[in-house]
Amino acid sequence: MNLLKPTSANSCPLTPLTFLERAATVYGDCTSIVFNNTTFTWAHTHRRCRQVASSLARLGIRRGDVVSVLAYNVPAMYELQFAVPMSGAVLNNLNTRLDARTISVMLRHSESKMLLVDVHLRALALEAVSRFPPGTPPPVLVLIRDLEESLSLPPTVESRVNEVDFLMSYEDLVKKGNSNFDWIRPINEWDPITLNYTSGTTSAPKGVVHSHRAIFIITVDSLMDWSVPKNPVYLWTLPMFHSNGWSFTWGMAAFGGTNICLHKFNADNIFSAVDRHKVTHMCGAPVVLNMIANSPNAKPLKNPVHFLTGGAPPPSAVVLRTESLGFIVSHGFGMTEVAGVVVSCAWKEKWNRLPVTDRASLKARQGVRTLALTEVNVLDPESGLGVKHDGLTQGEIVLKGPCLMLGYLKDPLATAMCMKDNGWLYTGDVGVIHPDGYLEIKDRSKDVIISGGENVSSVEVESVLYTNPAVHEAAVVARQDKFWGETPCAFVSLIGKANSEDIIKFCRDRLPHYMVPTKVVFMEELPKTATGKIKKFWLRDMAKNLSPPKERSRI
Ligand code: ADP
């Protein structure tokens, strides 16, 4: 057969942004967003996103510029997942738990042109921007006011933002925008759509860049893999800043879902939102499952709720307890570098006949590749070959497929270390493959601690400890924590005088709070290998034997 060439009709760039137009046609009168007492339909959302995109373009945002957002799970945050890339810009969601210094590093590294700020995070954003050195232009600031307050203003009145620092308010971007704006489509499906930082407190921020193509594929794949039906009612407990809510931000438009937005959540408002809105689906790290399972006000659900958990290993006992309340737990594995869930514990009908404890242990395994991932394997670190499928032999989990990142922004070296010449993305996770082909994570080779589903780079905490004049050597490892899964534990040798409180306070003043060690162990000298490397594996073992933390240290 002669080779047929692609034409402009069949090679138009894939992008998840086209889901929104379709949602307006198919689900135009269905609810798209609910927040407190405000409700939007998909027709509204489509219009509002185009208005915001046109305002961004009018304000000078150009194709390829970075636009950052620092916001909780409010309606504007949802809309911006579409509106920013519809203006041609690259969307940079920032983690709301970071400190001003880290946010400032990320804004500078990305050369962000605009920062849209939740009114409740105003002080944090202003402090971040105040840290820009003279001569470095800060991003233009836009304030996302509380929605109900903004909407109550008469349409003719431009809602003046009191602070001089902000150019305008988000609702002004909506009001002044053109609802027929011909949004800026990607020229090529490999064009960037998102930038998500996985670390950044040191001078080497790692910004993961994804293409329109990758996001299109992962979004469709995630909906299929979780068997999401049309018109789901989706409760936003997973922060949208976290890998764009594992791509379910765009996914809800694809299937005409209702996004239930909460400013902040706890077990009580989760249960009441589930009841009030008849929630069908939600996602979250195991820490959220734990919160639900252990809530004193936990009550059996009237209707089943599908809960997709990931980001850290879910303990089987927690899965069991949450399922006994009526949640149907699914388990997936992913990382920012792949934009969502790429390995999941695909459930077999016959497993339903097993005792509950066996079911929960099976569900705690990470599983098999989703349909869109081309290959997953566990490689022996010495030989580079796949390990035996015996559930015992450990190796590094590697991935191959179309939803892998384009790379780390301005960091070809880190990109090459993660995505190697042999065609694999190295996850830094250590796992085994069971005889039935299901994969299970056992450990991590990368220096990452996962606390409440958020990554803490131990290297970043160590670099702060080393700036303390009393510290001689420092190493940070994970310590098991019933509530958070893991918290950082610091091993320190001293050259000056300091006690645990001094060290913890020192870190608190310099790091986001979730990165601060909850325990400091002093040693005369840290244990080293023959080549002088600190024996982290040895310290990890020691951390396992420390007495457990007394109670929840923070939320
Ligand atoms: P996310 O938390 O959204 O999956 P991150 O990039 O923040 O993405 O973290 C990725 C890391 O989280 C993985 O490399 C792995 O160490 C850990 N992780 C993610 N999902 C799971 C899971 N289901 N079980 C165990 N660890 C997981």
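Predicted, not measured: the structure shown is a model, and the values here were computed from it.

(A) The arrangement of the pattern of salt bridges in detail. Summed over all chains, the structure comprises 16 salt bridges. Between Lys 410 and Glu 111 there is a salt bridge, with its nearest N and O atoms 2.8 Å apart. A residue pair is termed long-range when its members are at least 10 positions apart, and Lys 410 in the loop between β19 (407–408) and α15 (412–418) and Glu 111 in the loop between α4 (100–110) and β5 (114–118) qualify at 299 residues. The residue Asp 436 makes a salt bridge to Arg 365 at a minimum N-O spacing of 2.7 Å. Of this pair, Asp 436 sits in the loop between β20 (425–433) and β21 (439–444) while Arg 365 sits in the loop between α14 (356–363) and β16 (368–369), and the two are 71 residues apart along the sequence. Judged by its relative accessible area of 6%, Arg 365 falls in the buried class. In the salt-bridge network here, residues are joined through shared partners; they are Arg 48, Glu 79 and Glu 171.

(B) Local environment of the nonpolar core. Ranked by internal contacts, the top residues of the largest apolar core, which has 83 residues, are Tyr 78, Leu 80, Phe 82, Leu 116, Tyr 170, Phe 248 and Val 342. A per-element tally of this core places helix α3 (residues 75–86) first, with 8 residues. Residues in contact with Leu 116, not counting those within four places in the same chain, are Val 67, Ser 68, Val 69, Leu 70, Leu 80, Val 142, Ile 144, Tyr 170 and Leu 173. Grouped together as the second largest cluster of nonpolar side chains are 44 residues, Leu 124, Leu 141, Leu 511 and Tyr 514 included.

(C) Structural context of the site of the ligand. His 331, Gly 334, Thr 336, Asp 429 and Lys 446 are the nearest of the 20 residues found near the ligand. Contact distances for the ligand include 2.9 Å between a nitrogen atom and a backbone N or O atom of Gly 311. Between His 331 and the ligand, the recorded distance is 2.7 Å, taken from a side-chain N or O atom to a nitrogen atom. Broken down by secondary-structure element, the contributors of at least two residues to the shell around the ligand are β14 (327–335) and β21.

(D) Layout of the packing of helix α11 (residues 267–277) against helix α12 (residues 286–293). For the pair α11 and α12, interaxial distance at closest approach is 9 Å and the crossing angle is 85 degrees. Judged by the inter-axis angle, α11 sits roughly perpendicular to α12. Contacts from Ala 267, Ile 270 and Phe 271 in α11 reach Val 288, Met 291 and Ile 292 in α12. A per-class count over the contact of α11 with α12 returns 6 nonpolar, no polar and no charged.

(E) Quick peek at the sheet that holds β20. Strands sit in the order β17-β18-β20-β21 across an open sheet of 4 strands; the sheet is antiparallel. Since the sheet does not close on itself, it has two edges, and those belong to β17 (375–379) and β21, each with one partner. Sheet twist, expressed as the average angle between the axes of neighbouring strands with direction ignored, equals 45 degrees. Judged from the 4 bridges that link them, strand β18 (residues 395–400) and β20 form a sheet pairing that is antiparallel. In the sheet register, Glu 396 faces β20, and the bridge partner there is Val 430.

(F) Quick look at the environment of Asn 259. As for its position among the elements, Asn 259 is in strand β11 (residues 258–260). Judged by relative accessible area, Asn 259 falls into the buried class, the value being 0%. Remark: the alpha-carbon pair of Asn 259 and Phe 333, spanning 74 residues in sequence, is separated by 23 Å.

(G) Region of interest: the side chain of Ser 87. By the element assignment, Ser 87 lies in the loop between α3 and β4 (90–93). Of the residues examined, Ser 87 reaches a relative accessible area of 2% and is grouped as buried. Of the polar contacts made by the side chain of Ser 87, one reaches the backbone oxygen of Val 84; its length is 2.6 Å. Apart from residues no more than four positions distant in its own chain, Ser 87 is found in contact with Ala 53, Leu 56, Ile 61 and Ile 184.

(H) Helix α17 (residues 500–508), seen in detail. What α17 keeps buried is the set Ile 503, Phe 506 and Cys 507. Buried residues along α17 cover an arc of 95 degrees about the axis, so they all sit on one side. Relative to its buried face, α17 has exposed residues pointing more than 90 degrees away, namely Glu 501 and Lys 505. Contacts from the buried residues of α17 go to α16 (458–465), β24 (471–481) and β26 (519–522). The backbone nitrogen of Glu 501 lies 3.2 Å from a side-chain oxygen of the residue at the head of α17, namely Asn 499.

About the cut-offs
Residues numbered from 1 in each chain as written. Predicted model: local features only at pLDDT ≥ 70, side-chain atom pairs only at ≥ 80, totals over all residues. Heavy atoms only, no water. Salt bridge = Lys/Arg side-chain N within 4 Å of Asp/Glu carboxyl O. Helix = DSSP H or I, 4+ residues; strand = E, 2+ residues; numbered from the N terminus. Buried < 20%, exposed > 50% of the residue type's maximum accessible area, 1.4 Å probe, protein only. Core = buried A, V, L, I, M, F, W, Y, C linked by side-chain atoms within 4.5 Å. Contact = heavy atoms within 4.5 Å. Near = heavy atom within 4 Å. Polar contact = N/O pair within 3.5 Å; in protein donor to acceptor, adjacent residues only side chain to side chain. Axes fitted to C-alpha atoms, helices over the stretch in contact; angles between N-to-C directions. Parallel < 35°, antiparallel > 145°, perpendicular 65-115°, else oblique. Nonpolar A, V, L, I, M, F, W, Y, C, P; charged D, E, K, R; others polar. Pairing = 2+ DSSP bridges. Arc of directions from axis to C-beta.

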